[in-house]
Structures are given as structure tokens and as C-alpha cells.
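If you want the building blocks of each chain, they are given just below.
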Amino acid sequence: MYIFSKSSMSTRKKLLATAAAALISGGGIGSALIYKYWFDLVPPAGLVINWFRTIGQAPGTLATETASSSAPVSAHADSTVTEALLKPDTLVTETAQETASPGATPETTEDWPSYNKTLTSQRFSSMTQINTTNVKNLKVQCTYDTKEYTSFETGPLMVDGALIGTTEHDIFSLNPANCHENWRTHEEFPAALLRVNRGAAYADGMLYRGTSHGDVIAYDFKTGKRLWTTNIGNGAAGESVPAAPIVWGGRVYIGNAGGDVKGVKGRMYALDAKTGHIIWEFYMVPREPNDPTRGPQGKTPLDLSTWKNPPGMPITGGGTWTSYSLDPDTGELYIPGGNPAPDYVTATREGKNLFSDSIVVLDAATGEYKRHYELSKKDWHDWDASNPPVLLQTRNGRKLLAVAPKNGYLYGFDIATGGLLYKTPATRIENADAPFEVGKTVHFCPGSVGGDEWNSPGYDPRTNLVMVGEVEWCGSVTAQSDAQLKKVSPGEPWSGMDTHNPYHMFSAPDSAGQWAGWLSGIDADTGAWKWRVKTNYPIQSGITPTAGGLTFFGDMGGYFYALDSETGKKLWGQKIDGAIGGGVITYTFDGSQKIAVATGFTSILWPTVPTTGKIVILGL
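Owing to the predicted nature of the structure, the values given are computational and were not obtained by experimental measurement.

So what exactly am I meant to see when it comes to the overall build of the chain here?
Helix and strand content of the chain: four helices and 40 strands. Taking the contacts inside the chain whose residues are at least 6 apart along the sequence as the reference set, 63% of them involve residues at least 24 apart. Of the roughly 21200 Å² of accessible surface on the chain, 53% is carried by carbon and sulfur atoms.

Rendered as C-alpha cells:
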């Protein structure tokens, strides 16, 4: 059953039936109904559409390519050099290989206590119990069904003997060996368009999560009892809090999303972990006179001169919607900032549009601006700095920031100097420099739902490889005029896409048969790829390398894989359920290594087989 507020469930069921009939009998009638009842009809009607679009879905395929040389990629690489770089005809299908795995004896216990395991977002596990020799015996051991059709993107946590997950409205605790539910707490608020939450954070016996209504909520870890609630966003104005928070130094770090909605500005917050009190607030784009103040302001260099918007065009964008990284040694917080809006029209937002599409570094204690790394400059493609950067020390001893935004590249920055070391293409990139114009349709890659989305790369210190999962899916945009943009009311979607199709409001993607996924093992020192695999479904899951010589990931066809981290060769693969768009974690419980996968991603933006969100646990 789809999650809606209980007060209007019967009405919405009727609307769903009406929409389904209209969509089947006549597209024009269906579109008119959807526009009239936008938030009621778009998600359930999309569910019906996806049932038809995925009939006869192809089985999963995976092919591996190994680099013929290790020449480094220029830090000044231009997008034009990547035209048709990643071609399917250069790939060779690999067979499974069984080799002994290097590594130390596994620890007796290992948890996964944060969204990306560590605050530095490396996602590496030191466990070796499941390795290249025995992974062929991997099996699904149990499944927990949330019984919700939802954009299931939760990054599960494993801590203190319990597995923690979230949906848009719920947070739950599971037995990590048998999937039995310990407790589940439901929150009642109006559902958002995308029905998404990316996970919880844990510290000192408490759990924390955001909501699509703009709240941050704390719970008792053992019972699921709500302890406090703090509001940081206006849900009625299109602001939401889907990101997975992180916790450090007695503070919860989390921000608001909604940067594609007219007038919404991204902000970052530090909350007192015990009370929920707002310690500081930082605007990711310049504040305007009527913008609210919810707490003490972090010191910022931003002013209105970096945007120069005309009247009637409010500064919009810079939302944070995935999670964050933090360097405990320096006390610096790293925040991925979302796109500027309107997404596809730059004439309404002259200037540099800071700090959209940037990694912003703040003093974690005070919220004071330190520096930023600008990725997609003057963005007109909806190419957010989408996921938390990986903070690591390379084999050569360099402190590196590795980040993969939606524009299709992996960037390597020297943290000591701030200099860009390399910019490596990791998916298909085409027509990236073509301007968007009113009345002209432009096709480009990656599209607005391509590149690296909400899950970060992983880093394997054994191989010195950054493992980057990417979406190859192009799209087309026709830009709106100034008059059309001004007609949009504050609080409404504001992409700048000229269309009458409600499902193309954020661009018209290519058909599902023209998509793919890439996973590349890229040298952290040079930016050169050592190997890469291509799947026939996009890769959006968490990427998890281990000391057992394996890298685990899943694709949007529901296929879960284990690769040899040294070579990229497939050692194990199986369809385990629906689309895998959430976390992939590994942990030990009662002396056994397990893998937990969030599967069953169902979204209006992705033509995947509709199914309920599930946690699948695998082991030997």
C-alpha cells in the first residue's frame, strides 16, 4: 500500500483509480488530471506507468574492461575529450575468478555506525571472513519487507546489535541475523512527491533522522520512543529534510533540501544532540531580506552580488539532500551543495551562483566558512554536488578529497593546497557545453538523473582505488522563457523545463533501454582508471570495498554483485529483489560477517519494477 496521510487515504485511492483509467484511456485526460491533483496523483500514477514500462525487463548483464595503461588524466580535462569515451564495444565479459584474498584476520566484531560507515565517508570494511575464495557461497539469509512502495534509499546502520533503517515516515530496528523487527515508529505528516529518506544517525543511545515535512527527530535507540523534535524547514513551502545526518562532538549535522522549488534556499544546521537546540545555521546561497533566521548565523562571505537575480526571480538552490563528511582531526564539516534554480535557465541568475554545486567546508563547532570546492560552474544541467566527498590519505601520503557529482566526473583535490589534481570521466559525457535556449530541445549526457547520485564512492586503501558508481542516462531539455518562469508561484517546482508532460518536469530522459551503469576503480593518486565494469542497469547503490578483496554493489535491475577489487572481475552476482538504490553495508554479528542491502527502490523518476522496499541480509 502506498504511504499517504491517513486522513485522505480513501480520497486518494479514488484519485489513483481515476488516474489509472485516464492514463490507459487517454494521455491528454491523464495529464490534465495529474496537473490538477499534482502531489496526489503523480506518485501513484507513476507506479501504474512503471508496471507497464517494465514488462519483459531484460536480465542483468555485467562486463569488465581493464586499462591498457595507467597514464594520469589531466586536471584540466575538458568535457569534449570524453565524447563517446566509454563505448560498450570496448568491453570484454569476464568470468568469475577464485583467488586467495590478502588481509589480516577479521575483527571479532565490526559495526556500520554511520551513513558511510566513517565520518570521512570511505566506506571501507576491514573484514575478511567473506573473501574472493568463498564469496561463491554467498546466499540470501533473510528479508525484511517494509510493505511500502517508496523511493527506498535508506543507508542502513548496524550498531550495538541492531540494524536500523528508515522510510519516508518510519524508522525501524531489526535483528541483524534474522530480520525480525525489534520496533518500528511511524510519524504522521503529509507525504512528499518523491517519498524518500536516506537514513538515520546514531550516537550515545540515540537515533536521529530528518523528515519530508522539515523536522529533525531524535529517538531512543532501544525503544524507538521519540525524544525531541526540531523544525529546520517549511514543508508547506517545498522544503524537506531527506538527508542522512551525521553526529560528532555532541552535535547533529543536517540540512534542508528543496533547491528545485522556487524560493527555497539550502541551509546547514548543527543541533545539540541531547536537546535538539539549534547551535548554528549556515545559508548555502545568499540570504535575502525576507528569509527566516532559525539560529545563530555561521560567518559567511556570501552576498547578493554572487547571483544578481532580477525582481520576481528569488535566489533558489543549494539544497543538501544526501549526507555529509567530517574530518575529526581538523573539526571541519564537508557539505555537498545542490544545483541553482531555475535549473536550466542561467539568464535569471547572473553571477557565480555560489555556493551551489560546490563542496562547502565549515568549522563544525561554529558554522564559520573555511573554503569551498566549486565543481559544476554556472550549472545549467541540474548537476548537483550530490553526495558526501571521500576524505582519505592516498598510498603516496597525500590528503585527498575525492568527490563524484552528477556531471559524470570524479574529482581529486589536494586538501593541503586546495588544488585540483585530476578530473576523470566516469560515465558517458556528451554535448555538455551546448547552451539551452527557449524553443530549442537540447540532448545531453549525463541527464539530470545521471552521473553519481546520492551514494558516495568507496575507497579501498589496499588497492589505492576509489570505486565510483555512475548512471549513464541522457536526457533532453527545452528551456522556458522569462515570462513562464515568473508565473511559477513560490513553493512550486522551478526547473525551467518547458513541457506539458508532468513526468518530464525535470527533463525528458531517454528510454530505459538506453541506460546503463558504470563502476570504475580509479587510482587515488593519479586519477587513472585501472578497471571499469558496465552493467545494463544504472548503478546508484552504496559501493562497499572490503579487506576480503571484494567490492559489493547493486544496480537498478535488482542485481547484486561482488567484484574482485584488484581486477574488477565478477565473482558473484544474483537478482535479490527490486531496484537497489539504497545502502550496501557489511558487519559482523555473533562472529559471522553479513551484508545488508536496501532494495525495492520505486520512484516516479525511474522506470523500475514496482515493488516494496526491503532490507535483504546475505551471508555464507
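Having seen it, we continue.
Is there a simple way to think about the pairing of strand β5 (residues 162-166) in this case?
The side chains of a regular strand alternate between the sheet's two faces. In terms of burial, β5 is largely enclosed, as five of its five residues are buried. Side chains A162, I164 and T166 project from β5 onto one buried face, and the interleaved L163 and G165 project onto a second face that is buried too. Both strand β4 (residues 157-159) and β5 contribute to a ladder of three bridges, which runs antiparallel. Bridge assignment links L157 to a residue of β5, and that residue is I164. Hairpin geometry of β4 and β5 is characterised by an intervening segment of two residues between the two adjacent antiparallel strands and by a positive phi of about 50° at D160. Alignment of β5 against strand β6 (residues 170-174), held across four bridges, turns out to be antiparallel. Paired with G165 across the strands is F172, a residue of β6. Linking β5 back to β6 in an antiparallel pair, the connection comprises three residues.

When you look at the nonpolar core in this model, what are you seeing that I'm missing?
Soluble globular proteins tend to bury their nonpolar side chains together. Residues Y208, Y253, L271 and L333 are the most contacted members of the largest nonpolar core, which totals 35 residues. If you tally residues by element for this core, the top one is strand β15 (residues 267-272), at four residues. Excluding residues within four positions of it along the chain, Y208 makes contact with G199, A200, A201, A203, I217, A218, W228, P245, V247, V252 and A273. Y409, I415, A432 and A434 belong to the second largest nonpolar core, which has 31 residues in total.

Quick question: what am I supposed to make of the sheet that holds strand β16 (residues 278-283) here?
In sheet architecture, strand pairing relies on hydrogen bonds along the backbone and comes in two forms, parallel and antiparallel. What the four strands build is an open sheet, ordered β13-β14-β15-β16; its pairing is antiparallel. Whereas interior strands pair on both sides, the edge strands pair on one side only; in this sheet they are β13 (246-248) and β16. Averaged over all pairs of adjacent strands, the angle between their axes in this sheet comes to 20°, without regard to strand direction. Summarising the sheet, strand β14 (residues 251-255) and β15 pair through five bridges and their orientation is antiparallel. Across the sheet, residue R251 finds its bridge partner in β15, namely D272.

Sorry, what's going on with the pattern of salt bridges here?
When their charged atoms lie close together, side chains carrying opposite charge are able to pair. Using the criterion set out here, one finds 21 salt bridges in the structure. Here E148 ties to R184 by a salt bridge, and the two come within 2.8 Å at their closest N and O atoms. Pair noted here: E148 is in the loop between β2 (139-145) and β3 (151-152) and R184 is in strand β7 (residues 181-186), with a separation of 36 residues, a long-range link. By relative accessible area, which is 3% here, E148 ends up buried. Classification of R184 by relative accessible area gives partly exposed; the value is 26%. With its nearest N and O atoms 2.9 Å apart, the salt bridge here joins E332 to R371. Within this pair, whereas E332 is found in strand β19 (residues 332-336), its partner R371 is found in strand β22 (residues 369-374), the two being separated by 39 residues in sequence. Connected via shared salt-bridge partners are R428, E430, E472 and K534.

Would you take a moment to explain the state of the cysteines for this structure?
Simply put, disulfide is the name for a covalent bond between the sulfur atoms of two cysteines. Evaluated as defined, the whole model comprises two disulfides. Between the sulfur atoms of C142 and its disulfide mate C179 the distance is 2.1 Å. Around the S-S axis, the bridge from C142 to C179 shows a dihedral of about 75° and counts as right-handed. Here C179 lies in the loop between β6 and β7 and C142 lies in strand β2, a separation of 37 residues in the sequence. For C179, a relative accessible area of 5% puts it in the buried group.

I'm lost on the side chain of N455 in this one. Help?
Examined against the element boundaries, N455 turns out to sit in the loop between β27 (441-444) and β28 (458-460). Accessibility expressed as a relative area gives 4% for N455, which makes it buried. When near neighbours in sequence (up to four residues on either side) are disregarded, N455 contacts Y115, N387, Q540, S541, G542, G581 and G582.

Help me understand the confidence of the model for the chain in this model?
Predicted coordinates in regions of low pLDDT should not be interpreted in detail. On average, residues of the chain carry a pLDDT of 89, and 87% of them reach 70 or more. The model gives residues 1-29 a pLDDT under 50, and that stretch makes 43 contacts with residues more than four places away or in other chains. Contacts of residues 70-107 to residues separated by more than four positions or lying in other chains number 87 contacts, the stretch itself having pLDDT below 50.

I tried to follow a nonpolar patch on the surface on my own but got confused; where do I start?
On the surface, W51, F52 and I55 cluster together into a nonpolar patch covering about 380 Å² of accessible area. Here W51 lies in helix α3 (residues 38-53). Look at W51 and you get partly exposed, because its relative accessible area is 43%.

Whenever I open this one, unusual backbone geometry confuses me. Can you help?
One can expect most non-glycine residues to show negative phi and most peptide bonds to be in trans. The omega torsion of the bond from A341 to P342 falls at 0°, within 30 degrees of zero and hence cis. Locating P342 in the fold gives a position in the loop between β20 (340-341) and β21 (358-363). The linkage connecting L354 with the following residue, F355, adopts the cis geometry, with an omega of -5°. Note that F355 resides in the loop between β20 and β21.

Looking at this model, I keep getting lost on the environment of E188. Mind explaining?
Its place among the elements puts E188 in the loop between β7 and β8 (196-197). On the basis of relative accessible area, E188 is assigned to the partly exposed category, the value being 43%. Here the alpha-carbon distance between E188 and D170, two residues 18 residues apart in the chain, equals 9.0 Å. There is a polar contact of 3.2 Å between the side chain of E188 and the side chain of H186.

Would you mind going over the environment of R462 with me for this structure?
Looking at where R462 falls in the secondary structure, it is placed in the loop between β28 and β29 (465-472). The exposure class of R462 is partly exposed, given its relative accessible area of 23%. Measuring from C-alpha to C-alpha, the distance between R462 and R395 comes to 8.7 Å, with 67 residues separating the pair along the chain.

What should I look at first to understand the packing of aromatic side chains in this one?
Aromatic ring pairs are reported here in terms of the distance separating the ring centres and the angle at which the planes meet. Under the criterion given, the structure shown has 20 aromatic pairs. Here the aromatic rings of Y202 and F221 are separated by 5.1 Å at their centres, their planes lie at 65°, and the arrangement is edge-to-face. With a gap of 19 residues between them, Y202 in strand β9 (residues 201-203) and F221 in the loop between β11 (215-220) and β12 (226-231) connect regions that are remote in the sequence. Of the residues examined, Y202 reaches a relative accessible area of 21% and is grouped as partly exposed. According to the relative accessible area criterion, F221 is buried, its value standing at 4%. By way of ring pairs, the aromatic residues W473, W515, Y537, Y559 and W606 are connected into one cluster. When the ring centre of W529 is taken as reference, the NZ or CZ atom of R532 above it lies at 3.8 Å. In this structure, K575 packs its charged tip against the face of Y559, placed 5.3 Å from the ring centre.

Criteria and cut-off values
Residues numbered from 1 in each chain as written. Predicted model: local features only at pLDDT ≥ 70, side-chain atom pairs only at ≥ 80, totals over all residues. Heavy atoms only, no water. Helix = DSSP H or I, 4+ residues; strand = E, 2+ residues; numbered from the N terminus. Contact = heavy atoms within 4.5 Å. Areas by Shrake-Rupley, 256 points an atom, 1.4 Å probe, with all protein chains shown as cover. Buried < 20%, exposed > 50% of the residue type's maximum accessible area, 1.4 Å probe, protein only. Pairing = 2+ DSSP bridges. Core = buried A, V, L, I, M, F, W, Y, C linked by side-chain atoms within 4.5 Å. Axes fitted to C-alpha atoms, helices over the stretch in contact; angles between N-to-C directions. Salt bridge = Lys/Arg side-chain N within 4 Å of Asp/Glu carboxyl O. Disulfide = S-S within 2.5 Å. pLDDT = per-residue confidence, 0-100. Patch = residues over 30% accessible without salt bridge, like charges linked within 9 Å, V, L, I, M, F, W, Y side chains within 5 Å. Polar contact = N/O pair within 3.5 Å; in protein donor to acceptor, adjacent residues only side chain to side chain. Phe/Tyr/Trp six-rings, centres within 6.5 Å; stacked < 30°, edge-to-face > 60°. Lys NZ or Arg CZ within 6 Å of the ring centre and 35° of its normal.

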